[in-house]
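Commentary on secondary and tertiary structure
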Amino acid sequence: MNSEKFIGKNKDEIFLLLDAREAGLKSSEADSRQKRYGKNQILFHRTRSPVLMFLQEFTALFPLLLLCAALLSFFADTLSAGEGYGLIGAALIIVVLLNAIVSFLQNYKVEKLMISFLDYIPKQVALLRDEKRVFLDAKEVVPGDIIFVQEGDKISADGILISSQKLLVDESVLSGESERVKKLPLEDRVQKECLVYSGATVMKGSAHLLVTKTGRATSIGSISTLSQNVPTDLTPMQKELQIFARKITYLALGIGAFFFIIGFAIGNPFWTNLIFAIGIIVANVPEGLLPAVTLALNQSSLRMSRRNAVIKHILSVETLGSTTVICTDKTGTLTQNSFHVEELYMNFEEVSALDTQAYLNNPAALSMLEIMGLCNDVISSKEADGSSRFKGGQTDIAMAEFVERITGYDELRSKFERLGTQPFDADKKQMSSTFKTMGDTLYMTVKGASEVILEKCTKVHIQGQVRELSASQRELISVQAGRYAADGLRVLALAYRLLEQPETEAEDLIFVGLAAMTDPLRPEVPAAVKACKSAGIRIIVISGDKAETVSYITRKLGIAASPRIIETDELDQISKEELAKLLQNEEVAFARIAPEQKLNIVEALKHAGEVVAVTGDGVNDAPALKRADIGVSMGLRGTDVAKEASDIILLDDNFATIIKAIEEGRTVYDNIKKFITYILTSNVPEILPFIIYVLFPIPLAITVIQILCIDLITDMLPAIGLGNEESEADIMHRPPRSRQEHLVSAKTFLRSYAIIGLAQTLLSYIAFFAVLKSGGWSLDADIPSDSILFLQASSAFLATIIFSQIGNVMACRTNRQSAVSLLFKANYLIIFGVVAEVLFIFSIIYIPYFNPIFSTAPFPFEVWLIILPAPFVIFAIEEFRKYLVRKGYETLSV
């Protein structure tokens, strides 16, 4: 039974329903109930077996493609031993294993981080057992128990208050509302105010409560369960890698099958055709791509960690780069979550709270100070340096800090004797405290919503005197309060009354002034909002604050000029279709929204084709965080449930960090696209020699072992360098990429296969034939594959590919802009990769020990006159292509 279902029942009925007694349960009863209901614990994060986590790394389509290629290679090796196919198979398996290890280590590090977060169930609680008060582990609490809570405690289960003393609780973990909630004990029948919830914190007072729900059956537990059951989609990068894997598979199988048939047509034996078909298929598979992608994403995650963002899933970095809409809350993300008094209105004059002298010169200054200091529930404590520290509600702290700055909070309160307090009541929208002053006079201080307090005022404090409050003065005060509210300030009216005897009702009050408070904007947020607009990203504010505040914030930050504010009641009444239509409004924002309503908004945005990033910190934010394409939780004030449901945790709770992450996501996408384009290019001079060998009486220009050298050694290091390229200057001035734009498109294959790949093949064959011709070879002559002349020619072919790739990697540093300027801008990883591959090719050609391993042989140095221009030719061709793209030939773009 949900706790709300107890509403309306009397005390006897609820004890009967729960089979409970006011003296508490017996230990034997508690044991049997624990077997029935389970332990009182909520596992916000389900720990995963490291073994299963590691095995999961092999289930993606791309690793499976590489493993299939490895099996084909081993099969080809059994048919034609000694050709190097077995070595390719082993290398592919090693690549998949290394990639799995790198990815696993990143995910396991995050797993340990999540386990380290504390949950919202306290470790020990005081409760009645066997008619005695005992302390037990909170996991032992069962329905029917009676537990005791006091100030500072976290409530360990859902329950009904049996008795309480001025209990105020913070339920923001569940509701998202920062204001403390007043709770009442059960008297005649259960009311909503009698219910308390697991995870809430006791801010003031003490209570006995009868437990109704424990563990996952509690409100916080059910939300945790809901968030774990919310479906999640593949990230855009996962989808793109799957699409790419399918494309490269179809291409490889298509080419392999085509030339298998061609081989039959020209009379080659079945097994010969099969071996060459396998060779073509394996050569098409970019073995180095998977580790290059993983390393690029890992490096990006590390860079983000230095920017105060913990990346839980490395693919999430790229997802942020695809974001089209950010749904953000206000408090602590756009603002500093640090309220302070900004403006004061007293004696019918506006006074800046920062102008101490102007404030003290005002005739109402002392009365304002007294009300702000006395009608206040903060807990004050002294720090080692003598300064005061306050704990309590945001508005109370703001007023206490103002009083502390002017005259000293504790010093002011020490002059008065407190008699009683009526805590802030959300329904009455007011609070009052009564104090004893000199003599027998009682001093009731009151604060609350301006419209409520003004209605109760009959007099006004003006020019140091108390006078009747006229209708025109009442109108002036009301207009000023409205002006403050329109500026996004939180407004409270302050008043008092002198009494002869204690009263609970605040009536016939003397109006003193208005205190307007603000939660300042984070200074870096305006620039971040501007960057979002330049990048074509919409920002939708979804806040629990009132409409005026949300409107002010969206206008102040430039998010919307004339925002269309939707509040919770309106949202509840509109259909999904109407919501979808409202979300098309670029200036829509949401106020007074319950965190669970975020899920509906996210669903509607995703249904409209948007890539949605959502920020959140409360338990009720978890379903929306998990449903979003990218969930961003707050590290400072976020709950464990929110952190578990999110993909990225902001350690500084700063909206500007999200913008940095979006830039990083776009950069990593660009860089992955660059090195895919780079890696695919060398496939052509690897594949075409097999095709030419089958169709024409020309020796096979490259061996299987040499293909392996290119894919896993010489291409890998520069590719990793491309993965660490800095962002291009216009990266945050482009609109988000379309969902129809793929990581690897037909244009990518056109550039890599039909333009640069063919050019590399042509240059490589020029060097190959130059060596053969110098050795006296002719088309009608056979040449053994182990002859020195063939090994020299094959070495020249390999060297030309590698040197061509140097020009290619330099050209790939930009997608559209000229890369000439970047020749003078060092990317040390690319430089290291180029140096390493040059040393490698010279070593395997000119160091005799390596010749038999890599099927190479030294060729005459004059051949280098043909090879050395290759990178410049490739770079020039690519520069010409990008020039045509900039001139409007979009068919040539990548």
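My aim in this report is to walk through the structure given alongside it, one point at a time. (Residues numbered from 1 in each chain as written. Predicted model: local features only at pLDDT ≥ 70, side-chain atom pairs only at ≥ 80, totals over all residues. Heavy atoms only, no water.)

Some thoughts on the overall build of the chain
- When you go through the chain residue by residue, the secondary structure sums to 34 helices and 26 strands.
- Along the longest, intermediate and shortest principal axes, the C-alpha atoms of the chain span 125 × 70 × 55 Å.
- Sequence-distant contacts, at least 24 apart, represent 72% of the contacts inside the chain between residues at least 6 apart.
- The centroid of the 88 positive side-chain charges in the chain is displaced by 1 Å from the centroid of its 102 negative side-chain charges. (Helix = DSSP H or I, 4+ residues; strand = E, 2+ residues; numbered from the N terminus. Contact = heavy atoms within 4.5 Å. Lys, Arg positive; Asp, Glu negative; His and termini not counted. Charge placed at Lys NZ, Arg CZ, Asp CG, Glu CD.)

Points about the pattern of salt bridges
- Across all of its chains, the model carries 24 salt bridges by this definition.
- With a closest N to O distance of 3.4 Å, E22 and K11 form a salt bridge. Taken together, the residues E22 in the loop between α1 (11–17) and α2 (27–37) and K11 in helix α1 connect sequence positions 11 residues apart.
- By relative accessible area, which is 26% here, K11 ends up partly exposed.
- R522 is the partner of E524 in a salt bridge, and the nearest nitrogen-oxygen pair spans 3.9 Å.
- A relative accessible area of 15% means that R522 is categorised as buried.
- Each of D670, D730 and R734 takes part in salt bridges that share partners, so that together they form one network. (Salt bridge = Lys/Arg side-chain N within 4 Å of Asp/Glu carboxyl O. Buried < 20%, exposed > 50% of the residue type's maximum accessible area, 1.4 Å probe, protein only.)

So, the side chain of N815
- Turning to its location among the elements, N815 is positioned in the loop between α30 (788–811) and α31 (828–846).
- A relative accessible area of 17% places N815 in the buried class.

Concerning the state of the cysteines
- Enumeration over the complete set of coordinates arrives at 0 disulfides.
- C327 carries a free sulfur, and the closest cysteine sulfur to it, the one in C532, is 12 Å from it. (Disulfide = S-S within 2.5 Å.)

Points about the pairing of strand β24 (residues 612–616)
- Buried residues dominate β24, accounting for 5 of its 5 residues.
- Neither face of β24 is exposed, since V612, V614 and G616 on one face and A613 and T615 on the opposite face are all buried.
- Direction of pairing for strand β9 (residues 325–328) relative to β24: parallel, over a ladder of 3 bridges. Looking across to β24, one finds that V325 is bridged to V612.
- When β24 meets strand β25 (residues 630–634), the two strands line up parallel, connected through 4 bridges. The partner of A613 across the bridge, within β25, is I630. (Pairing = 2+ DSSP bridges.)

Some thoughts on the nonpolar core
- Core analysis: the largest hydrophobic core is formed by 141 residues, its most contacted members being F244, I326, F655, I672, F675, I676 and I867.
- Considering each element in turn, this core owes the most residues, 15 residues, to α30.
- Residues in contact with I867, not counting those within four places in the same chain, are A767, A796, A799, T800, F803 and F859.
- Core analysis: the next-biggest nonpolar cluster, separate from the first, contains 37 residues, V341, M399, Y443 and M517 among them. (Core = buried A, V, L, I, M, F, W, Y, C linked by side-chain atoms within 4.5 Å.)

Observations concerning unusual backbone geometry
- Even without glycine at this site, D19 takes up a positive phi of about 50°.
- Mapped onto the secondary structure, D19 falls in the loop between α1 and α2.
- Of note, the phi angle at F348 is positive, near 60°, even though the residue is not glycine.
- Since its relative accessible area comes to 22%, F348 is described here as partly exposed.

By themselves, these observations are geometric and do not establish any function.
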